Structure formats: structure tokens, C-alpha cells
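The residues making up each chain are set out below.
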Amino acid sequence: MKQILVVIIISILSFPTFSQDKIYLDTTGQEINWEKYRAKWGADSLNSTWSYFKNDTQYFQLSKNLYLKGLFDYNQIRNQLEIITPHKIPPNWSIVIEYRYKDDLCTNNRDNIWDSTEITDRKMFLNDIQELLNENEIYFIVLFEEGIKLKNRKSFKSEYFFNDPDNFFKNKLQLTPTLCGTFIAINPEGETLIRNGEYRADQMADHLLPVNWSQFFHD
């Protein structure tokens with residue numbers, strides 16, 4: 001695993017849409033132009049974004065929450081994961097979660113249904129990452145907000161795509177919808193780092209290295 005904290009400068013996504021109207025909002029909800037919005041979005045600004053439609057207009061809302069941190073009950077989180085999956089998680093393993101939100105416009109698919117083909121395609125990218133994290137004693141799972149339908153076989157021990165029943169993890173970890181999802185790293189002490197927006201699970205796992213973790217959690 002890399003020994004440095006990897007930072008991504010997020011590139012702008014292009015969304016095909018029938019609407020011609022787009023409105024950009026800063027972190028206070030004030031309307032701004034595209035240039036100011038782009039300058040305020042990304043790793044350098046520590047802002048994330050969420051996009052949604054209202055009255056045939058597409059909105060882009062900035063939030064100053066690229067990184068968040070907290071302290072949660074590790075055993076409660078691990079136990080809940082063991083309830084919704086067929087897995088047993090060693091108590092000394094860290095956990096990395098990729099969390100996907102309902103109505104996310106990150107991709108062209110807006111029907112909140114992940115069929116077997118879409119899941120397989122996504123796993124072609126994630127399988128090697130999952131194996132790498134497991135080799136480093138990090139449990140990896142992809143959770144989907146309630147309301148997203150997954151067409152997969154959740155009883156398979158190799159499965160790692162699961163719904164979040166009653167939005168337990170969304171509520172417990174106080175997650176807010178973010179374009180392209182949220183990534184969460186949790187160590188066995190319950191220290192939790194949240195990174196909102198487009199990212200990678202292996203890059204999120206790099207945060208758990210002591211040299212990086214100490215930048216967020218220190219005495």
C-alpha cells in the first residue's frame with residue numbers, strides 16, 4: 001500500500017439531460033456562476049457537491065464537507081455488518097465502506113436499479129481492490145442506500161454489495177448525499193474518517209496508515 005495520502009483533484013462530470021437549465025449553489029445556498037462553482041469544487045477547496053433535479057432544473061449544491069471525522073462504536077458497526085452479510089469480520093480488522101446514494105446523478109443510470117450486468121462491471125474494477133484490502137486486514141463492503149434495488153445473490157460468501165436496511169449506516173454515521181458516493185474508513189478503536197465524493201477504496205484505505213491517520217486523529 002502507498003505510504004502517502006493520495007489526494008484526487010476531481011474532474012468535472014458531464015451529465016446528459018433533457019433540461020437546459022443548470023443552477024450552481026455555493027455552500028451557503030447562494031447562486032453562483034459556473035466558473036466560481038468549479039473553482040470551489042474539489043480537493044483543494046475541501047468542498048463536495050450534490051446534484052438534483054427540481055422543476056426541470058438541475059441544481060449543483062456545494063457543501064464544505066469533503067472530509068469529516070468522528071468516533072463511533074466499532075463493535076456495533078461490525079455486528080451490524082455481520083447481520084446483513086454472510087461474513088464474519090475479525091475484531092482487529094479495520095473497515096472501509098463505499099456508500100452509494102439513491103438518485104445519484106454520478107452515472108447515467110437514474111432508475112436506482114443495479115442489475116447483474118452493472119454489478120459485474122463495477123466488480124471488475126473493485127475485485128482486485130477488495131483482495132488487496134483483505135490482505136492488509138481491512139474489510140471492504142459497498143453499501144447502497146435504502147430504495148436502491150440490487151439484483152445480486154446476497155447469500156454468496158463472496159458477495160460484498162449490500163443494501164443498507166433502514167439506512168442504519170447512513171443515519172449512524174450521519175452521512176449526507178454526495179455526488180459519486182461517500183467513502184468511510186473505521187479502525188478497531190472506532191475512529192472514523194469520512195471522505196465525500198468520487199474516490200477509490202484503496203486510496204481511502206491508505207488513510208489508515210499511521211503516517212496518514214495521525215493527520216486526522218492525534219492526542
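Residues numbered from 1 in each chain as written. Predicted model: local features only at pLDDT ≥ 70, side-chain atom pairs only at ≥ 80, totals over all residues. Heavy atoms only, no water.

Quick look at helix α3 (residues 116-135) now. Taking 1.5 Å per residue, 20 residues should reach 28 Å; α3 reaches 27 Å between its end C-alpha atoms and fits that length. Its axis deflected by about 45 degrees at Met 124, α3 carries its strongest bend there. Along α3, the positions that sit buried rather than exposed are Ile 119, Lys 123, Leu 126, Ile 129, Gln 130 and Leu 133. The inward-facing, buried residues of α3 abut β6 (94-100), β7 (113-114), β8 (138-144), β10 (161-163) and α5 (201-206). The N-capping residue of α3, defined by a side-chain oxygen 3.1 Å from the backbone nitrogen of Thr 117, is Asp 115. (Helix = DSSP H or I, 4+ residues; strand = E, 2+ residues; numbered from the N terminus. Expected span 1.5 Å × (residues − 1). Bend = angle between axes of the 7 residues up to and from the residue. Buried < 20%, exposed > 50% of the residue type's maximum accessible area, 1.4 Å probe, protein only. Contact = heavy atoms within 4.5 Å. Polar contact = N/O pair within 3.5 Å; in protein donor to acceptor, adjacent residues only side chain to side chain.)

This next bit is on the state of the cysteines. Scanning the model with the defined rule gives one disulfide in all. Covalently, Cys 106 is tied to Cys 180 through a disulfide, its sulfur atoms 2.0 Å apart. One disulfide, between Cys 106 and Cys 180, carries an S-S torsion of 90 degrees and so falls in the right-handed class. Here the residue Cys 106 occupies a position in the loop between β6 and β7, and Cys 180 occupies one in the loop between α4 (168-172) and β11 (182-186), the gap between them amounting to 74 residues. (Disulfide = S-S within 2.5 Å.)

Strands sit in the order β2-β1-β4-β3 across an open sheet of four strands; the sheet is mixed. The open sheet has two edge strands, β2 (31-32) and β3 (48-54), and neither has a second partner. Of the strand pairs in this sheet, β3 and strand β4 (residues 57-63) are connected by seven bridges, and their pairing is antiparallel. Bridging from a neighbouring strand, Thr 49 pairs with Leu 62 of β4. (Pairing = 2+ DSSP bridges.)

Tracing the backbone through its elements, the reader meets Glu 198 in the loop between β12 (191-196) and α5. Along the sequence, Glu 198 and Phe 183 sit 15 residues apart, while their C-alpha atoms lie 8.6 Å from each other.

For the chain, the mean per-residue pLDDT works out to 90, and 89% of the residues sit at or above 70. Considering only residues more than four positions removed or in separate chains, one finds that residues 1-19, a stretch of pLDDT under 50, has 56 contacts. (pLDDT = per-residue confidence, 0-100.)

Before going further, it helps to spend a moment on the sheet that holds strand β5 (residues 67-71). On the basis of which strands lie adjacent, the open sheet formed by six strands has the order β5-β12-β11-β6-β8-β10 and mixed pairing. The two strands at the open ends of the sheet, each matched to only one other strand, are β5 and β10. Each neighbouring strand pair of the sheet contributes to a mean axis angle of 25 degrees, computed without reference to strand direction. Summarising the sheet, β8 and β10 pair through three bridges and their orientation is parallel. Paired with Phe 144 across the bridge in β10 is Asn 163. The sheet contacts of helix α2 (residues 74-84) involve β6, β8, β10 and β11, and relative to β8 the element is tilted by about 65 degrees. (Axes fitted to C-alpha atoms, helices over the stretch in contact; angles between N-to-C directions.)

Any pair of aromatic rings gets described here by the distance separating the centres and the angle formed by the planes. For the structure shown, the criterion picks out 18 aromatic pairs. Their ring planes at 35 degrees and their centres at 6.0 Å tell us that Trp 34 and Tyr 37 sit as a pair that is tilted. One end of the pair is Trp 34 and the other is Tyr 37, both in helix α1 (residues 34-40) and three residues apart, which spans about a single turn. Tyr 37 gets classed as buried once you look at its relative accessible area, which sits at 0%. On the numbers, 5.1 Å between centres and 70 degrees between planes, the contact of Trp 114 with Phe 144 is edge-to-face. Here Trp 114, found in strand β7, pairs with Phe 144, found in strand β8; they are 30 residues apart in sequence, far enough to count as distant. Among the aromatic residues, those joined into a cluster by ring pairs are Tyr 24, Trp 34, Tyr 37, Trp 41 and Phe 60. (Phe/Tyr/Trp six-rings, centres within 6.5 Å; stacked < 30°, edge-to-face > 60°.)

With that settled, the discussion passes to the pairing of β6. A large share of β6 lies buried, amounting to seven of its seven residues. Pairing of β6 with β8 involves seven bridges; the strand directions are parallel. The partner of Ile 97 across the bridge, within β8, is Ile 141. By the bridge criterion, five bridges tie β6 to β11 in an arrangement that is antiparallel. Across the sheet, the residue bridging to Ile 95 is Ile 186, located in β11.

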